[in-house]
Amino acid sequence: MTTETPAPPATSELLATVGNKVRTMRKAKGMTLAQLSDITGLSQAIVSQIERGMANPSFTTLAQLAHGLDIPVGRFFIGQDESRSPVVRKADRRNLQNVTRESVGEAVHELLTPNRDGSIEAQWISTPPGHDTSATPFTHSGEEFCYIISGRKDVYLDGVCYSLEEGDSITYSSEIPHWYKNSYEEVCVAIWVNAPHAW
């Protein structure tokens, strides 16, 4: 961690941007400074300095923060000048495999929104027969909406099973422990929307 030498203007702007993203993502997950400090092994003072753009963190420190926030470290550096096109072509969908905690196994998670920095995040999700996330229930801030395009899927909310089929939809608070299971013989294709997303 280097804080002695004042950073050049361009660097200062980058540090402020990274700090804002750390703070925004921490709050979106409902985490306190103390909780993020415990998970990352970094002191609360250092985390606070980073969030305020007052520290120049090493890559290792950023990796620790990314781990604590459960995001890829590169997400800190998504520039403000990237394409602002509102359109996402089918061929250009971003594959979220190993990016979000829910994209496990052979399930396909593709981003339908231009990026993951907005107030909503929509995904195209395809889950094969046998797909089951009951071993790792998910709980986070926000709200979720799902619409089944084809196939069938069981959505569990705090242990209560809701069986959905083509044309059905479901909306629920992401703070409720939830998991998914495809116990059927066909692939399930769905559109899933998180607002605000918290991954």
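That block above? That's the structure.
Residues numbered from 1 in each chain as written. Predicted model: local features only at pLDDT ≥ 70, side-chain atom pairs only at ≥ 80, totals over all residues. Heavy atoms only, no water.

### Regarding the overall build of the chain
For step 1, the next point in the chain: Across its full length, the chain carries four helices and nine strands.
For step 2, the next point in the chain: Written out in order from the N terminus, the α and β elements of the chain read α-α-α-α-β-β-β-β-β-β-β-β-β.
For step 3, the next point in the chain: Relative to its 199 residues, the chain shows a buried fraction of 40%.
For step 4, the next point in the chain: Taking the contacts inside the chain whose residues are at least 6 apart along the sequence as the reference set, 65% of them involve residues at least 24 apart. (Helix = DSSP H or I, 4+ residues; strand = E, 2+ residues; numbered from the N terminus. Buried < 20%, exposed > 50% of the residue type's maximum accessible area, 1.4 Å probe, protein only. Contact = heavy atoms within 4.5 Å.)

### Here's the deal with the side chain of histidine 178
For step 1, the next point in the chain: Along the chain, histidine 178 falls in strand β8 (residues 178-181).
For step 2, the next point in the chain: With relative accessibility at 0%, the residue histidine 178 sits in the buried group.
For step 3, the next point in the chain: In this structure the side chain of histidine 178 is engaged in a polar contact, spanning 2.7 Å, whose partner is the backbone oxygen of isoleucine 176. (Polar contact = N/O pair within 3.5 Å; in protein donor to acceptor, adjacent residues only side chain to side chain.)

### A short note on the pattern of salt bridges
For step 1, the next point in the chain: Per the stated rule, a full pass over the model turns up three salt bridges.
For step 2, the next point in the chain: A salt bridge links arginine 93 to glutamate 110, with the nearest nitrogen and oxygen atoms 3.1 Å apart. With arginine 93 in the loop between α4 (59-69) and β1 (94-95) and glutamate 110 in strand β2 (residues 108-111), this pair connects stretches of sequence that are 17 residues apart. (Salt bridge = Lys/Arg side-chain N within 4 Å of Asp/Glu carboxyl O.)

### Quick word on the side chain of histidine 109
For step 1, the next point in the chain: Note that histidine 109 resides in strand β2.
For step 2, the next point in the chain: Looking at histidine 109, the relative accessible area reads 3%, which means it is buried.
For step 3, the next point in the chain: Side-chain polar atoms of histidine 109 contact the side chain of glutamine 123, separated by 2.8 Å.

### A closer look at the sheet that holds β8
For step 1, the next point in the chain: Here three strands make up an open sheet; going across it, the order is β6-β5-β8 and the pairing antiparallel. Since the sheet does not close on itself, it has two edges, and those belong to β6 (160-165) and β8, each with one partner. Pairs of neighbouring strands in the sheet enclose a mean axial angle of 25 degrees, with direction left out of account.
For step 2, the next point in the chain: Sheet topology note: the strand β5 (residues 152-157)/β8 ladder contains four bridges and is antiparallel. Looking across to β8, one finds that aspartate 154 is bridged to lysine 181. (Pairing = 2+ DSSP bridges. Axes fitted to C-alpha atoms, helices over the stretch in contact; angles between N-to-C directions.)

### Things to note about the sheet that holds strand β9 (residues 188-195)
For step 1, the next point in the chain: Sheet architecture is open: six strands sit in the order β1-β2-β3-β9-β4-β7, paired in antiparallel fashion. One side of each edge strand has no neighbouring strand; the edge strands of this open sheet are β1 and β7 (169-173).
For step 2, the next point in the chain: Judged from the two bridges that link them, β1 and β2 form a sheet pairing that is antiparallel. Looking across to β2, one finds that arginine 94 is bridged to leucine 111.

### Comments concerning the pairing of strand β4 (residues 143-150)
For step 1, the next point in the chain: Direction of pairing for β4 relative to β7: antiparallel, over a ladder of five bridges. Residue pairing for β7: phenylalanine 145 is matched across the bridge by threonine 171.
For step 2, the next point in the chain: Where β4 lies against β9, seven bridges are found, and the strand directions are antiparallel. Looking at the pairing, serine 150 lines up with valine 189 of β9.

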